[in-house]
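Here is what each chain is made of, one letter per residue.
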Amino acid sequence: MNQGILLYGPPAAGKDTVTAALAELDSRYVLFSRLKIGSGKSAGYRMGTPDQLAELERRGGLIYRNDRYGNTYVVDRQGLGLAMEGGRIPILHLGQVAGVEAVTAKYLAAWSTVLMWCSREATAIRSASRGDHDTEARLAAWDATEKDLATNDHPAWDLRVDTEVSSPGDAAVLIDQLVRASV
């Protein structure tokens with residue numbers, strides 16, 4: 001059965017850093033590049049158009065969609081299928097419980113769900129240190145993530161990682177152990 005990893009957490013919780021550490025542990029781990037409709041940062045995304053989004057919706061290829069920072073981010077069925085080819089294990093970065101639920105319900109795979117967390121203060125410091133021009137929007141997203149966890153019956157996380165305590169390498173090892181145990 002195909003496998004995948006869902007990293008859920010607020011902005012600057014370390015999802016990119018832990019993903020890089022996982023890829024160093026095992027080349028099968030790959031970042032899932034969500035389809036992005038909008039502007040701004042394009043690295044790590046497949047840039048798309050409103051027409052592509054409409055076509056995905058029409059054909060039932062849309063698994064999950066969220067709108068944030070003035071853009072639309074999409075998890076699509078075809079993209080996930082391609083990401084899993086050759087035994088690769090895609091890593092999806094999500095910031096909404098609804099996204100975790102949609103992916104696990106709508107795409108058959110052995111999903112490992114990981115709650116990655118850091119304090120609001122850590123998000124502010126990390127966002128500023130990496131040069132984000134929209135730190136206030138990221139802090140609003142942190143607040144939304146905290147509220148999302150508090151108000152939703154979220155899934156039982158397979159693993160919780162506090163990225164203010166665990167190094168990216170240690171977190172990657174824990175996640176790798178989790179994935180290997182689920183085979």
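Now for a look at the structure at hand.

Here is what the cut-offs are and how they apply
- Residues numbered from 1 in each chain as written.
- Predicted model: local features only at pLDDT ≥ 70, side-chain atom pairs only at ≥ 80, totals over all residues.
- Heavy atoms only, no water.
- Phe/Tyr/Trp six-rings, centres within 6.5 Å; stacked < 30°, edge-to-face > 60°.
- Helix = DSSP H or I, 4+ residues; strand = E, 2+ residues; numbered from the N terminus.
- Buried < 20%, exposed > 50% of the residue type's maximum accessible area, 1.4 Å probe, protein only.
- Lys NZ or Arg CZ within 6 Å of the ring centre and 35° of its normal.
- Axes fitted to C-alpha atoms, helices over the stretch in contact; angles between N-to-C directions.
- Parallel < 35°, antiparallel > 145°, perpendicular 65-115°, else oblique.
- Left-handed = near helix turned anticlockwise from the far one by under 90°.
- Contact = heavy atoms within 4.5 Å.
- Nonpolar A, V, L, I, M, F, W, Y, C, P; charged D, E, K, R; others polar.

### A few points about the packing of aromatic side chains
Here is step 1 of the chain: Counting across every chain of the model gives four aromatic pairs.
Here is step 2 of the chain: Measuring from ring centre to ring centre gives 5.3 Å for Trp117 and Trp142, while their planes differ by 50°; the resulting arrangement is tilted. Taken as a pair, Trp117 in strand β8 (residues 110-117) and Trp142 in helix α6 (residues 135-151) lie far apart in primary sequence, 25 residues in all.
Here is step 3 of the chain: Assessed through its relative accessible area of 22%, Trp117 is described here as partly exposed.
Here is step 4 of the chain: Assessed through its relative accessible area of 6%, Trp142 is described here as buried.
Here is step 5 of the chain: Between Lys36 and the ring centre of Tyr45, over which it is positioned, the NZ or CZ distance is 5.0 Å.

### Some points on the packing of helix α5 (residues 120-129) against α6
Here is step 1 of the chain: The N-to-C vectors of α5 and α6 enclose an angle of 155°; their axes lie 10 Å apart at closest approach. The angle between the axes of α5 and α6 places the two elements in the roughly antiparallel class. Crossing of α5 against α6: the hand is right-handed. When α5 is examined against α6, the residues Arg120, Thr123, Ala124, Ser127 and Ala128 are found in contact with a partner set consisting of Thr135, Arg138, Leu139, Trp142 and Asp143.
Here is step 2 of the chain: Residue composition of the contact of α5 with α6, by class: four nonpolar, three polar and three charged.

None of this, on its own, says anything about what the molecule does.
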